[in-house]
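Here are the chains, one letter per residue:
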There are 2 protein chains.
Amino acid sequence: MKSAQSRQNTREALEKAKTYTISQLAALLEISPSTIRFYEEKGLISPERTKGNQRVYSSRNKARMKLILRGKRFGFSLDEIAEMIGLADEPKSELAQIEKSLAYIKGKFDQIAQSKKELDILEQDLLVISKKLEKRASELKKAQNKKPATSG
Amino acid sequence: MKSAQSRQNTREALEKAKTYTISQLAALLEISPSTIRFYEEKGLISPERTKGNQRVYSSRNKARMKLILRGKRFGFSLDEIAEMIGLADEPKSELAQIEKSLAYIKGKFDQIAQSKKELDILEQDLLVISKKLEKRASELKKAQNKKPATSG
DNA sequence: ATTAAAGTTAAAGTTAACTTTAACAATTGG
DNA sequence: CCAATTGTTAAAGTTAACTTTAACTTTAAT
């Protein structure tokens, strides 16, 4: 059983938890503050506010931002990402919403597995292309050596 | 040395090579014909034409389309893809252009390696989220069992 | 030969994901 | 305290990647 006392014990740690202003977080993630605000508008993150109404980001918020950016890098749209993370952090979400997010995520695992395979294929494709290019480049260089007198 | 004769020998095979109309290729790749035309406008593919001016796609063209779509799935922009494939198929390209493409591709290998790592992280993140969601869902179900009489 | 289906171009329209701007409020350093 | 910096919102602007449309041509099937 958790007493009020044992909760109190974590108070200091909680209060010490590192927070960020919007521009600090933006710098850290190498994106612009407006991008972060834009994601908030889309419902992807909900930072706390100071009494003066300025945004305060927790490390939890930061982790979520990282997840969003990671998803984006794999071509997921913001709407898809929103569905994936759903309201995972919000204890308010209803069963139906939770199960929807879960189903969505299950599908994403398959997509990720597929992505891994495709990355290998993409790598192979690029390897073939670069081999061709290298061959072509060395041929061109050889040709240049045989008649190096175009401008001399 | 390749004689005119030995070239002739491959004629039949070349003429038999499978080709596609724009809508056939589109169906195959599950994209729309206009998307393919759009990529052509951007210089990503250059199909042959019939005497009546309709586009004819070779399997080489098809392979390139697949590469483009694969690149896209990993968040590469069309411009980036254009730089990667450069004029790899075009024997006209100049040394400078070839070396530019090569340098570009070298960079992409690093990006792909990074992507592989990130896919693993993304997978882990989603795993954590889905565990949380499952826990939450089962809690909600338990609660529902205790008071199942809201509308009855 | 005729006509439906599929193709062509150029131009305008759409959508997602930001970015910029304007006008104003909060925070920080000297 | 006060100026510079950083923050706030709402709205308009931008860009990439398509999609749609219109007006017309080619191809395929009867």
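Residues numbered from 1 in each chain as written. Chains lettered and ligands numbered in written order. Predicted model: local features only at pLDDT ≥ 70, side-chain atom pairs only at ≥ 80, totals over all residues. Heavy atoms only, no water.

A. Region of interest: the packing of aromatic side chains. Residues and elements named next belong to chain A. In this structure the tally under the stated criterion is two aromatic pairs over all chains. On the basis of an interplanar angle of 50° and a centroid distance of 6.2 Å, the ring pair of F38 and Y39 is categorised as tilted. Overall, F38 belongs to the partly exposed group, its relative accessible area being 37%. (Phe/Tyr/Trp six-rings, centres within 6.5 Å; stacked < 30°, edge-to-face > 60°. Buried < 20%, exposed > 50% of the residue type's maximum accessible area, 1.4 Å probe, protein only.)

B. Molecular detail of the relation of the copies chain B and chain A. Of the two same-sequence chains, chain B is brought onto chain A (RMSD 0.1 Å, axial shift 0.0 Å) by a rotation of 180°. Those values place the two copies in the arrangement expected of a two-fold rotation axis. By residue overlap, the copies meet face to face through one surface: 100% of the interface positions of chain B are interface positions in chain A. (Least-squares fit on C-alpha atoms with pLDDT ≥ 70 in both. Contact = heavy atoms within 4.5 Å.)

C. Broad picture of helix α6 (residues 78-85) of chain A. The complete set of buried residues in α6 of chain A reads L78, I81, M84 and I85 of chain A. Angular distribution of buried residues about the axis of α6 of chain A spans 115°; they occupy a single face of the element. Residues of α6 of chain A that are buried make contact with α4 (33-41), α5 (59-73) and α7 (95-146) of chain A together with α7 (95-146) of chain B. (Helix = DSSP H or I, 4+ residues; strand = E, 2+ residues; numbered from the N terminus. Arc of directions from axis to C-beta.)

D. Structural context of the protein's contact with DNA strand C. The full set close to DNA strand C counts 19 residues, and T35 and Y39 of chain A together with S23, Q54 and R55 of chain B are the nearest of them. In this structure, T35 of chain A approaches DNA strand C through a side-chain N or O atom, which is 2.4 Å from a phosphate oxygen. Counting residues per element, the ones that place at least two in the surface near DNA strand C are α4 of chain A together with α3 (22-29) of chain B. A per-element tally of the surface near DNA strand C places α4 of chain A first, with four residues. Considering only residue class, the surface near DNA strand C consists of four nonpolar, 11 polar and four charged. (Near = heavy atom within 4 Å. Polar contact = N/O pair within 3.5 Å; in protein donor to acceptor, adjacent residues only side chain to side chain. Nonpolar A, V, L, I, M, F, W, Y, C, P; charged D, E, K, R; others polar.)

E. Up close: the interface of chain B and chain A. Facing the 46 residues of chain B at the interface are 46 residues of chain A. Both faces considered, chain B and chain A share a buried interface measuring about 4,400 Å² in area, 72% of it formed by carbon and sulfur atoms. The tally of links from chain B across to chain A stands at 12 salt bridges. The residue R70 of chain B makes a salt bridge to D125 of chain A at a minimum N-O spacing of 3.1 Å. Of all the secondary-structure elements, those providing two or more residues to the side of chain B that touches chain A are α5 (59-73), α6 (78-85) and α7 of chain B. (Buried area = accessible area lost by both parts, 1.4 Å probe. Salt bridge = Lys/Arg side-chain N within 4 Å of Asp/Glu carboxyl O.)

F. Spatial organisation of the sheet that holds strand β1 (residues 19-20) of chain B. Residue and element names in this part refer to chain B. Spatially, the three strands line up as an open sheet ordered β1-β3-β2, and their pairing is antiparallel. The open sheet is flanked by β1 and β2 (48-49), the only strands paired with a single partner. Here two bridges tie β2 to strand β3 (residues 55-58), and the two strands are oriented antiparallel to one another. Looking across to β3, one finds that E48 is bridged to V56. Relative to the sheet, α5 contacts β1 and β3, its axis offset from that of β3 by approximately 80°. (Pairing = 2+ DSSP bridges. Axes fitted to C-alpha atoms, helices over the stretch in contact; angles between N-to-C directions.)

G. The arrangement of the protein's contact with DNA strand D in detail. The immediate surroundings of DNA strand D are formed by 19 residues, with S23, Q54 and R55 of chain A together with T35 and Y39 of chain B found nearest. In DNA strand D, the atoms that sit within 4 Å of the protein are 88% sugar and phosphate, with bases accounting for the remainder. One nitrogen or oxygen atom from the side chain of Y39 of chain B is found 2.6 Å from a phosphate oxygen belonging to DNA strand D. Take L78 of chain B: an N or O atom from its main chain is 3.0 Å from a phosphate oxygen of DNA strand D. Broken down by secondary-structure element, the contributors of at least two residues to the surface near DNA strand D are α3 (22-29) of chain A together with α4 (33-41) of chain B. Here the surface near DNA strand D gets four residues from one element, more than from any other, and that element is α4 of chain B. In terms of residue class, the surface near DNA strand D is made up of four nonpolar, 11 polar and four charged.

H. Representation of the environment of Y57 of chain A in the model. All names here are of chain A. Here Y57 lies in strand β3 (residues 55-58). Taking the C-alpha atoms as reference, Y57 lies 7.1 Å from I22; in sequence the two are 35 residues apart. Apart from the residues within four sequence positions on either side, Y57 is in contact with K18, T19, Y20, T21, I22, L25, I36, E40, I45 and P47.

I. Focus on α3 of chain B. Residues and elements named next belong to chain B. When α3 is considered as a whole, its buried residues turn out to be I22, L25, A26 and L29. All buried residues of α3 fall inside an arc of 100° around its axis, so they share one side. Positive backbone phi, approximately 55°, marks E30, located one or two places after α3.

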